[in-house]
Amino acid sequence: MAFFDRLKEGLSKSRERLNESLNVLFDVSPGLTADFWDDLEETLILADMGGPSSLKIVSELQNETNKKGLSGISQVKEMLAEQIAAIFTPVELDPFDQARACILFVGINGAGKTTTVGKLAKEGVDSGKKVLIGSADTFRAAAIEQLDVWGERAGVEIVKRERGADPASVCYDTLDRAQELGSELVLIDTAGRLHTSSDLMRELAKVVNVTRKHAPDDMPVYVVLVMDATTGQNGLAQAKEFNEALELDGLIVTKLDGTAKGGIAVAVSHEIELPIYRMGVGESIEDLKPFKPIEYAWALIGDKKGH
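What comes next concerns the included structure. Here the structure is a predicted model, which is why all the values come from computation and not from measurement.

Quick notes on the rules
- Residues numbered from 1 in each chain as written.
- Predicted model: local features only at pLDDT ≥ 70, side-chain atom pairs only at ≥ 80, totals over all residues.
- Heavy atoms only, no water.
- Helix = DSSP H or I, 4+ residues; strand = E, 2+ residues; numbered from the N terminus.
- Disulfide = S-S within 2.5 Å.
- Buried < 20%, exposed > 50% of the residue type's maximum accessible area, 1.4 Å probe, protein only.
- Pairing = 2+ DSSP bridges.
- Core = buried A, V, L, I, M, F, W, Y, C linked by side-chain atoms within 4.5 Å.
- Contact = heavy atoms within 4.5 Å.

## Some words on the environment of Leu 187
Next up, step 1: By the element assignment, Leu 187 lies in strand E4 (residues 185–190).
Next up, step 2: It is 9.9 Å that separates the C-alpha atoms of Leu 187 and Cys 171, two residues lying 16 residues apart in sequence.

Structural data, given as structure tokens:
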């Protein structure tokens, strides 16, 4: 199955929820009236796209229809997908495609960080990169075990220390080992933590600072938030807190296949001005792929034939 088909299948709950409202709106509205645009904005907000994003999308749609002299509601749907795609913060530089890079994965418990690290390690090896994993989640024994499984599967070494060790020291050791091995892609898993815990966020900021300071000049450090799409609007609050504390570089959105709140990806990327590097729609390695806004938009509202 092509990834777009898997994405469309994964976003089926979100699409059904959105299209139920859109179809009613398109069927009953007499035309492109002020009420129609207000109702469309409300529909997008209820689809978890957020107020600022929804307002921007509708404003751009109004401008486009006026420019083109359109008056039919039927023409709005295709333009809607294009406007949703356009609102995402673009990926100017994908850290996973660089000659050398160290990526720190952060997020709350259960977002899918450890699995994401494993999948990206395998992807990196398959593309010919020298990959190293750092297990800086020293509080959860299962995290180390999970990474061991992925490491064996991908043939990737894992730098780890005893449970309860200082996670910053694991990052330090990981970078030293990366220099010894000539690693090109370094992936560091960190412990999940609630964005509302100031103590834990300060500790994580220390981990990030140590990593940034100790990394060699030719290995830029990226901090990537792994966000569970099923959290909906709470995911936006999480992203804001993590970004404020850590100066995030971008996002990976997971579990789009298990939620009717897939529109949250729009709100987070637009409101916090962060690119989405990858999106996940399942458990297999094939279900984590580079984020393509137009594919996401069509999967969310239905393809051009309205399916």
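## Considering the state of the cysteines
Next up, step 1: Summed over all chains, the structure comprises zero disulfides.
Next up, step 2: As a non-bridged cysteine, Cys 102 has Cys 171 as the owner of its nearest cysteine sulfur, 7.3 Å distant.
Next up, step 3: Residue classification places Cys 102 among the buried positions, given a relative accessible area of 0%.

## Thoughts on the pairing of strand E1 (residues 101–106)
Next up, step 1: Of all six residues in E1, six are buried; the element is thus mostly enclosed.
Next up, step 2: Every second residue of E1 is oriented toward a common face, with Ala 101, Ile 103 and Phe 105 on one face and Cys 102, Leu 104 and Val 106 on the other, all of them buried.
Next up, step 3: Across five bridges, the pairing between E1 and E4 is parallel. In the strand pairing of E4, Ala 101 is matched with Leu 185.
Next up, step 4: With five bridges connecting them, E1 and strand E5 (residues 221–228) associate as parallel partners.

## Structural notes on the nonpolar core
Next up, step 1: If you look at the biggest cluster of nonpolar residues, it comprises 98 residues, and the most contacted ones within it are Leu 40, Ile 84 and Leu 187.
Next up, step 2: Other than its neighbours up to four places away in sequence, Leu 187 contacts Phe 96, Ile 103, Phe 105, Val 117, Leu 120, Ala 121, Val 131, Leu 132, Ile 133 and Gly 134.

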